[in-house]
Amino acid sequence: MAEQIYTIPINEAFEQSGGCPLCRMKKKLERESLDYVMGAAMMDPDVRIRTNRLGFCRRHYDDMLSMKNRLSLALMLESHLDEVSRLFPEDVSALPKMPPPPAEGAPVPPPDLPGDLPEPMQAIPMGPPPRFARFRRYGGPNPAQIALMQSKSCYVCARAADFERNVLSNVAHMWRRESSFRERFKAQEFFCLDHYGRLLHAARHELNDPSFRELYQAMTEINARFIRQLRGDVTGFCRSFDHQNAGKPLTDGQRSCAERSVDFLAGK
Ligand SMILES: [Zn+2]
Ligand SMILES: [Zn+2]
């Protein structure tokens, strides 16, 4: 069920234009989360427990590395490294007996990641240290799986994913209820592929016809128009390198076509 608390930030994001409105919301939340973990959260034990356990992804570590407060980062890393060290066997000389490897010549299977891992951020569960199933091949917990899951885990991404789930369902309901919101929705420049897919998926579960059909049509028309225009700009940019176009100035759209393409294709 839609929650009212998301209505205000959603309206704010959809009042602007330029780029994907859901990427705008996500960026804002990520920025706020980073400011918080690097600042006031140092005094918030609940958040400290989560950041110690989950750590961060490369993109968000890079954001923190570019922020000023290196001491906050180092304090966080100090306790996170302690948690990470506890994921692995303490005494490698006392490892259990390993079963033999699979028959020679058999292809190496991909590591045993949990079957359904749609969100990289769901990797490491909260609570006491994860109890991984005992994997035959290691005679105990699977250190390859533990390392891979930890490497995918991120406090900020996990928070953004929770937020996004609620936002998507809220957007679908606002679309159904409010004609003024539908107008703002239709004025968006595009929905990046990721958010197009996620919003469509959420709306399919939340809305009945004809609301769903109208939202599906609106999003698809917005994106089709955007792709046509973007494609023209990309071609114009490529042609500008032709001999006969030497000295011809680029349009704004042609100048930013690569950035806008990447924002559309891979989100911001
Ligand atoms: Zn997006
Ligand atoms: Zn992240």
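Placed above this text is the structure.
Okay, so let's go over this structure. (Residues numbered from 1 in each chain as written. Chains lettered and ligands numbered in written order. Predicted model: local features only at pLDDT ≥ 70, side-chain atom pairs only at ≥ 80, totals over all residues. Heavy atoms only, no water.)

Here's the deal with the packing of helix α7 (residues 155–177) against helix α8 (residues 179–186)
For the pair α7 and α8, the least separation of the axes is 6 Å and the interaxial angle reads 115°. For the crossing formed where α7 meets α8, the hand is left-handed. Within the contact between the two elements, α7 uses V171, M174, W175, R176 and R177 and α8 uses S179, F181, R182, F185 and K186. Of the residues in the contact of α7 with α8, the class split is five nonpolar, one polar and four charged. (Axes fitted to C-alpha atoms, helices over the stretch in contact; angles between N-to-C directions. Helix = DSSP H or I, 4+ residues; strand = E, 2+ residues; numbered from the N terminus. Left-handed = near helix turned anticlockwise from the far one by under 90°. Contact = heavy atoms within 4.5 Å. Nonpolar A, V, L, I, M, F, W, Y, C, P; charged D, E, K, R; others polar.)

What to know about the coordination of the zinc ion (ligand 2)
At 2.1 to 2.3 Å from the zinc ion (ligand 2) lie its protein donor atoms, namely C57 (SG), H60 (ND1), C154 (SG) and C157 (SG). Classification of the site at the zinc ion (ligand 2) as tetrahedral follows from its four donor atoms and the range of 98 to 117° in their angles at the metal. All donors of the zinc ion (ligand 2) belong to a single chain; written as a sequence motif, their spacing is C-x2-H-x93-C-x2-C. Each of the two residues, C57 as well as H60, counts as buried. (Donors = N, O, S within 2.8 Å, 3.2 Å for Na, K, Ca; no water. Tetrahedral: all angles 85-135°; square planar, octahedral: opposite > 155°, others 65-115°. Buried < 20%, exposed > 50% of the residue type's maximum accessible area, 1.4 Å probe, protein only.)

Side note on the coordination of the zinc ion (ligand 1)
Protein-derived coordination of the zinc ion (ligand 1) comes from C20 (SG), C23 (SG), C192 (SG) and H195 (ND1), at a distance range of 2.0 to 2.4 Å. For the zinc ion (ligand 1), the four donor atoms are set out with angles of 100 to 117° between them, so the coordination reads as tetrahedral. Donor residues for the zinc ion (ligand 1), ordered by position in the chain, follow C-x2-C-x168-C-x2-H. On the criterion of sequence distance, the pair formed by C20 in the loop between α1 (7–15) and α2 (21–37) and H195 in helix α9 (residues 193–206) is long-range, its members being 175 residues apart. Residue classification places H195 among the buried residues on the basis of a relative accessible area of 1%.

These results come straight from atomic positions and should not be treated as a statement about function.
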